[in-house]
Amino acid sequence: SGWDPARKLIQEGIEQGFKRDVVGGAFRSSLREGKVVQALGSGTFADTVLMETQFGGKTIRYARKTISPHEASILQKLEGAPAAPSFYMKEGDSLFMEAMPGDTLYKQTSKRSFSARHQVPEEAMAELTDTARVAAERGIVNLDILGLNVMFDPKSGHASWLDWGGARMSKRTPRLNE
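The following refers to the structure shown. (Residues numbered from 1 in each chain as written. Predicted model: local features only at pLDDT ≥ 70, side-chain atom pairs only at ≥ 80, totals over all residues. Heavy atoms only, no water.)

## Overview of the overall build of the protein chain
Note the following rule: Comment: elements are numbered from the N terminus, with helices defined as DSSP H or I runs of at least four residues and strands as E runs of at least two. Remark: exposure states derive from per-residue accessible area (1.4 Å probe, protein chains only) relative to the maximum for the residue type, with buried under 20%, exposed over 50%, and partly exposed in between. Should any heavy atoms of two residues lie within 4.5 Å, those residues are counted as being in contact. In short, Shrake-Rupley with a 1.4 Å probe defines the accessible areas, and a residue's cover is counted only from the protein chains shown.
Summing up its helical and strand segments, the protein chain has five helices and ten strands in all. Buried positions account for 43% of the 178 residues belonging to the protein chain. Across the protein chain, contacts joining residues at least 24 apart in sequence account for 61% of those joining residues at least 6 apart. Of the roughly 10400 Å² of accessible surface on the protein chain, 52% is carried by carbon and sulfur atoms.

Structure, rendered in structure tokens:
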């Protein structure tokens with residue numbers, strides 16, 4: 001997504017004259033050496049943990065997830081979509097991707113303290129809608145759209161789909177209404 005701190009650090013390194021593969025290789029090495037911060041959940045097909053590493057003088061949080069075989073390729077196809085996590089790398093049966101701040105939409109809306117002032121802003125809803133449109137344009141259909149799979153950060157106002165394991169590629173041309 002556009003607010004991914006790791007992507008910004010990699011871009012800064014490239015702009016400073018470092019080669020993309022050197023910066024990317026250093027970043028992938030730091031991901032492998034990261035420490036588990038918190039277990040985020042265990043789903044039907046995946047276990048997800050929040051990890052932390054140092055890169056470019058900053059602390060980067062990211063998610064490591066056991067994945068369905070196609071989830072990494074789906075995330076790569078979604079690169080640049082506003083509410084899709086950035087794909088970092090796949091190694092073995094683990095996917096390394098951007099960690100979304102906040103909490104799941106399900107957890108936030110089920111809290112008694114969730115009031116009108118904490119409602120998901122229109123901009124966050126637009127990010128989710130735009131990502132669904134981008135996915136459809138790229139032939140991706142997410143079959144697992146639930147509040148448990150959408151992260152929302154009230155501080156930044158951003159939302160993101162964190163689970164694309166239920167997504168499938170479609171051979172049909174999408175029919176999108178404007």
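So much for the structure itself; the text now carries on.
## Overview of the sheet that holds strand 6 (residues 103–104)
For clarity, the threshold we go by: Between any two strands, at least two bridges found by DSSP are needed for them to pair. Here, axes are lines fitted to C-alpha atoms. For helices the fit covers the stretch in contact, and angles between N-to-C directions go from 0 to 180 degrees.
If you trace the three strands from one edge of the open sheet to the other, you get 6-8-9, paired in antiparallel fashion. Of all strands in the sheet, those bounded by a partner on one side alone are strand 6 and strand 9 (158–161). Most of the contacts of helix 5 (residues 122–137) go to strand 9, to which it runs at about 30°, and overall it touches strand 8 (150–153) and strand 9.

## Description of the packing of aromatic side chains
Each aromatic ring pair is characterised by the separation of its centres together with the angle its planes make. Selection criterion: Pairing of aromatic side chains here covers Phe, Tyr and the six-membered ring of Trp, requires ring centres within 6.5 Å, and sorts the geometry by plane angle: under 30 degrees stacked, over 60 edge-to-face, intermediate tilted.
In total, this model carries two aromatic pairs according to the counting rule given. Summarising the aromatic geometry, the rings of Tyr-62 and Phe-96 are spaced 6.1 Å apart at their centres and angled 35° between planes, so their arrangement reads as tilted. Taken together, the residues span a long stretch of sequence, with Tyr-62 in strand 3 (residues 58–66) and Phe-96 in strand 5 (residues 94–98) at a distance of 34 residues. The exposure classification of Tyr-62 matches that of Phe-96, with both residues buried.

## Some thoughts on the side chain of Asn-149
Under the convention used in this document: Pairs of N or O atoms are called polar contacts if they sit within 3.5 Å, as long as, within protein, a hydrogen donor faces a hydrogen acceptor (for residues adjacent in sequence, only side-chain-to-side-chain pairs).
Within the secondary structure, Asn-149 is located in the loop between strand 7 (140–142) and strand 8. Within polar-contact distance, the side chain of Asn-149 engages the backbone oxygen of Asp-144 at 2.8 Å. What Asn-149 contacts, discounting residues up to four positions off in sequence, is Asp-144, Ser-160, Trp-161, Leu-162 and Asp-163.

## Observations regarding the pairing of strand 2 (residues 47–55)
Pairing of strand 2 with strand 3 involves eight bridges; the strand directions are antiparallel. Bridge assignment links Thr-48 to a residue of strand 3, and that residue is Lys-65. Between strand 2 and strand 3, which pair antiparallel one after the other, the connecting turn spans two residues, and Gly-56 there sits at a positive phi close to 60°.

## Topic: the environment of Ala-63
By the element assignment, Ala-63 lies in strand 3. Given a relative accessible area of 4%, Ala-63 falls into the buried group. Along the sequence, Ala-63 and Glu-52 sit eleven residues apart, while their C-alpha atoms lie 8.5 Å from each other. Residues contacting Ala-63, with those up to four places away along its chain left out, are Thr-48, Val-49, Leu-95, Phe-96, Met-97, Glu-98 and Ala-99.

## Description of the environment of Thr-48
Position of Thr-48 relative to the elements: it lies in strand 2. In this structure, the C-alpha to C-alpha distance between Thr-48 and Arg-64, residues 16 residues apart in sequence, is 5.8 Å.

## Quick notes on the nonpolar core
Our working definition: The criterion is simple. A nonpolar core is a set of buried Ala, Val, Leu, Ile, Met, Phe, Trp, Tyr and Cys residues joined through side-chain atoms within 4.5 Å.
Counting residues in each nonpolar core, the largest one holds 24 residues, and the members touching the most others are Leu-78, Ile-140 and Trp-164. Only helix 3 (71–77), strand 5, helix 5, strand 8 and strand 9 provide two or more residues apiece to this core. Here this core takes four residues from helix 5, the largest share from any one element. Not counting the four nearest positions on each side in its chain, Trp-164 is found in contact with Lys-65, His-70, Glu-71, Ile-74, Leu-75, Leu-78, Ala-84, Pro-85, Thr-131, Ala-135, Ile-140 and Asn-142. Within the second largest apolar cluster, ten residues are counted, among which are Phe-27, Tyr-62, Met-89 and Phe-96.

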